[in-house]
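# Summary of the model geometry
Below are the chains, spelled out letter by letter.
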Amino acid sequence: MDPKNGSSFAGFILLGFSDRPQLERVLFVVLLIFYLLTLLGNTTIIALSCLDPHLQTPMYFFLSNLSFLDLCYTTSTVPQLLVHLRGTDKSISFAGCVAQLFISLWLGCTECILLGVMAFDRYAAVCRPLHYTVIMHPRLCALMASASWFTGFANSSLETVLIFLVPLCGKNKIEHFFCEVPPLLKLACVDTTVYESEILFFSMIFLFIPVALITFSYGRIVRAVLRIKSAAGQRKVFGTCGSHLTVVSLFYGTAIYAYLQPSNNHSRDQGKFISLFYTIVTPMVNPVIYTLRNKDVMGAMEKVFHRGSI
């Protein structure tokens, strides 16, 4: 093994926001509040989906998966960032960096596919209402969710291996607050064009398939909505589908910006703040989006709180 390769390092230094000490103090307070809200919101969604029989449907089964995924993703990066923001030691072990990259890629790819599956669920509910329970059978739902997690795992395994095959030649200072693909590739002491092309290829595959499914599903949903003569019926469809589309837009917008632009256009500061957005802001607002626009969830919350007050 090349002694200068990254795999021989004791660890890496995550520079994060260390060049802006004033910003670090503000970020610590803001991120701590956001993280606690993320834990509260997503845990609430999971708990309500388990406790209320009316929420034990395919839609809320997938939403619970999304909430659990967001909890894991945020927890894989934010607690460490909070520690680094308050201390002087900003190191991470080599194994820790590999694990962090692997988990973030795994959960990111899983969310891509899961959002596509959720779009298909909305298509079946709106366009095939009489056959919905047959199409979205619990066994099929479990299979689709499992396939999302397994595919994300397989893609992450492949991309993580590709990234850590890149020779780093003694470089160990990562210009970021966690181990992510673009800043890690910038440590390379060789031309990374081939590696970037390979990673881009796999990323495009795992983005294209869910996007195609989402486009197909919502194309059919729009056609079905236009045939609904009742304004109340249209509002009901837009209520449930609008929440999902909002989450899709937030997730895919930041993912495309972070991963599918050329590395030479990847601004250091922009990359950090975009990463902050999808590691903490998006997981925090997802439960809010689904809760505020969903009468079923609000009703379940009222039942639980009323039951607890008796």
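The name recorded for the protein chain in an unreviewed UniProt entry is Olfactory receptor, from Panthera pardus. Quoted verbatim from the Sequence similarities (unreviewed entry) field of the UniProt record, the comment on the protein chain reads "Belongs to the G-protein coupled receptor 1 family." What the UniProt record of the protein chain gives under Subcellular location (unreviewed entry) is the line "Cell membrane".

Turning our eyes to something else, we now look at the packing of helix H2 (residues 58-75) against helix H6 (residues 138-164). Their axes nearest at 10 Å, the elements H2 and H6 cross at an angle of 25°. Taken together, the axes of H2 and H6 lie roughly parallel to each other. H6 is crossed by H2, and the crossing has right-handed handedness. Along its contact with H2, which presents Pro58, Phe61, Phe62, Asn65, Phe68 and Leu69, the element H6 presents Cys141, Ala142, Met144, Ala145 and Trp149. Considered class by class, the residues forming the contact of H2 with H6 number ten nonpolar, one polar and no charged.

Now for the packing of aromatic side chains. Applying the stated criterion to the full structure yields 14 aromatic pairs. Judged by centre distance (5.9 Å) and plane angle (20°), the ring pair of Phe17 and Phe177 falls under stacked. Here Phe177 lies in the loop between strand S3 (173-174) and helix H7 (181-185) and Phe17 lies in the loop between strand S1 (11-14) and helix H1 (21-51), a separation of 160 residues in the sequence. Neither residue differs from the other here; Phe17 and Phe177 are each classed as buried. Taken together, a centroid distance of 5.2 Å and an interplanar angle of 45° make the contact between Phe177 and Phe178 tilted. Members of the aromatic cluster, each reached through a chain of ring pairs, are Phe68, Phe102, Trp106, Trp149 and Phe153. Taking NZ or CZ as reference, Arg86 lies 5.2 Å from the ring centre of Phe28, over its face.

Here we come to the nonpolar core. Grouped together as the largest cluster of nonpolar side chains are 60 residues, with contacts concentrated most on Leu31, Phe62, Leu66, Leu115, Met118, Ile221 and Tyr252. Tallying contributions element by element places helix H4 (residues 94-127) first for this core, with 13 residues. Those residues in contact with Leu66 that lie beyond four places of it in its chain are Glu111, Leu114, Leu115, Met118, Val247, Asn286 and Tyr290. Core analysis: the second largest hydrophobic core is formed by 19 residues, Leu101, Leu105, Ile163 and Ile174 among them.

This paragraph deals with the pairing of S1. As defined by bridge partners, S1 adjoins strand S2 (residues 91-93) across three bridges and the pair is classed as antiparallel. The partner of Gly11 across the bridge, within S2, is Ser93. Pairing of S1 with S3, which is carried by two bridges, proceeds in the parallel orientation. Bridging from a neighbouring strand, Leu14 pairs with Ile174 of S3.

Thresholds applied
- Residues numbered from 1 in each chain as written.
- Predicted model: local features only at pLDDT ≥ 70, side-chain atom pairs only at ≥ 80, totals over all residues.
- Heavy atoms only, no water.
- UniProt positions renumbered as here; feature names shortened; annotations may be inferred.
- Axes fitted to C-alpha atoms, helices over the stretch in contact; angles between N-to-C directions.
- Helix = DSSP H or I, 4+ residues; strand = E, 2+ residues; numbered from the N terminus.
- Parallel < 35°, antiparallel > 145°, perpendicular 65-115°, else oblique.
- Left-handed = near helix turned anticlockwise from the far one by under 90°.
- Contact = heavy atoms within 4.5 Å.
- Nonpolar A, V, L, I, M, F, W, Y, C, P; charged D, E, K, R; others polar.
- Phe/Tyr/Trp six-rings, centres within 6.5 Å; stacked < 30°, edge-to-face > 60°.
- Buried < 20%, exposed > 50% of the residue type's maximum accessible area, 1.4 Å probe, protein only.
- Lys NZ or Arg CZ within 6 Å of the ring centre and 35° of its normal.
- Core = buried A, V, L, I, M, F, W, Y, C linked by side-chain atoms within 4.5 Å.
- Pairing = 2+ DSSP bridges.

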